[in-house]
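Residue-level structural notes
Here's the letter readout for the chains.
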Amino acid sequence: MAVLPILRWPDPRLATRCAPVAEDVAQLAADMLETMYAAPGRGLAAPQVGVLKRLFVMDVAWKEGTPAPRIVINPQILWRSEDTATGAEGCLSIPGILTDIRRAREIRMAWTDELGQSQDEILTGFAAICAQHEYDHLDGIVTFDRLPPDQRTAALAAYQDSPRA
């Protein structure tokens, strides 16, 4: 396994809609998990490491307890609850910047796991938020894109002034 370099916004690959995965991605997924844990993050999408494929990894539990990694291949969000929450989100590709993003509190998502098995699950709370954030990356959307114009301007200015940019 290897820790991969994480792309930083405004790299154009972060604004690109990804293609479906049609090949074995076991090594890539393992490297992405290692990269996510080293970052240290809770989710990482393939375009963030320069691979424009519909794949992300996430582990919303590892910082508070037992790791529970997920490898999510070719996901589809089938349903989003009307109940939403606004919360601060960070992004490994936009280090040092937290933005308040409104997301559905609950989603139903289907995907293929690392064993090639179809999964279909209702995710709630932080797992739903994290999955939506990573799913956005697969469509070329970053947190800045979810902000109203005035908040986007302020967040962009803060990022550009950041030593991490």
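Everything in this summary refers to the structure shown in the same document. (Residues numbered from 1 in each chain as written. Predicted model: local features only at pLDDT ≥ 70, side-chain atom pairs only at ≥ 80, totals over all residues. Heavy atoms only, no water.)

Roughly 610 Å³ of volume is contained in the largest pocket. Lining the largest pocket are 31 residues; nearest its centre among them are Arg42, Glu89, Gly90, Cys91 and Leu92. Those elements giving two or more residues to the lining of the largest pocket turn out to be strand E4 (84–91), strand E5 (94–104) and helix H2 (125–138). Residue composition of the lining of the largest pocket, grouped by class: 15 nonpolar, nine polar and seven charged. (1 Å grid on protein atoms, 1.4 Å probe; cavity = no way out; pocket = protein on both sides within 12 Å on 5 of 7 lines; lining within 4 Å. Points joined across faces, edges and corners; volume = space filled by probe spheres on them. Helix = DSSP H or I, 4+ residues; strand = E, 2+ residues; numbered from the N terminus. Nonpolar A, V, L, I, M, F, W, Y, C, P; charged D, E, K, R; others polar.)

Moving on to the state of the cysteines. For the structure shown, the criterion picks out zero disulfides. Left unpaired, Cys18 is separated from the closest cysteine sulfur, that of Cys91, by 13 Å. Residue Cys18 is classed as buried on the basis of its relative accessible area, which comes to 6%. There is no disulfide at Cys130, and the cysteine sulfur nearest it, in Cys91, is 10 Å away. Given a relative accessible area of 6%, Cys130 falls into the buried group. (Disulfide = S-S within 2.5 Å. Buried < 20%, exposed > 50% of the residue type's maximum accessible area, 1.4 Å probe, protein only.)

This part covers a nonpolar patch on the surface. Taken together, the side chains of Leu78, Trp79 and Ile122 present a nonpolar region at the surface, about 280 Å² in accessible area. Structurally, Ile122 can be placed in strand E7 (residues 118–124). The exposure class of Ile122 is partly exposed, given its relative accessible area of 48%. (Patch = residues over 30% accessible without salt bridge, like charges linked within 9 Å, V, L, I, M, F, W, Y side chains within 5 Å. Areas by Shrake-Rupley, 256 points an atom, 1.4 Å probe, with all protein chains shown as cover. Salt bridge = Lys/Arg side-chain N within 4 Å of Asp/Glu carboxyl O.)

What follows is about the nonpolar core. One finds Phe56, Met58, Ile107, Met109, Leu123 and Ala131 to be the most contacted residues of the largest nonpolar core, which totals 16 residues. Residues within four places of Met58 in sequence aside, it is in contact with Met36, Arg42, Gly43, Ala68, Pro69, Arg70, Ala127, Cys130 and Ala131. Counting residues in each nonpolar core, the second largest holds 14 residues, with Val21, Ala29, Leu44 and Ile73 among its members. (Core = buried A, V, L, I, M, F, W, Y, C linked by side-chain atoms within 4.5 Å. Contact = heavy atoms within 4.5 Å.)

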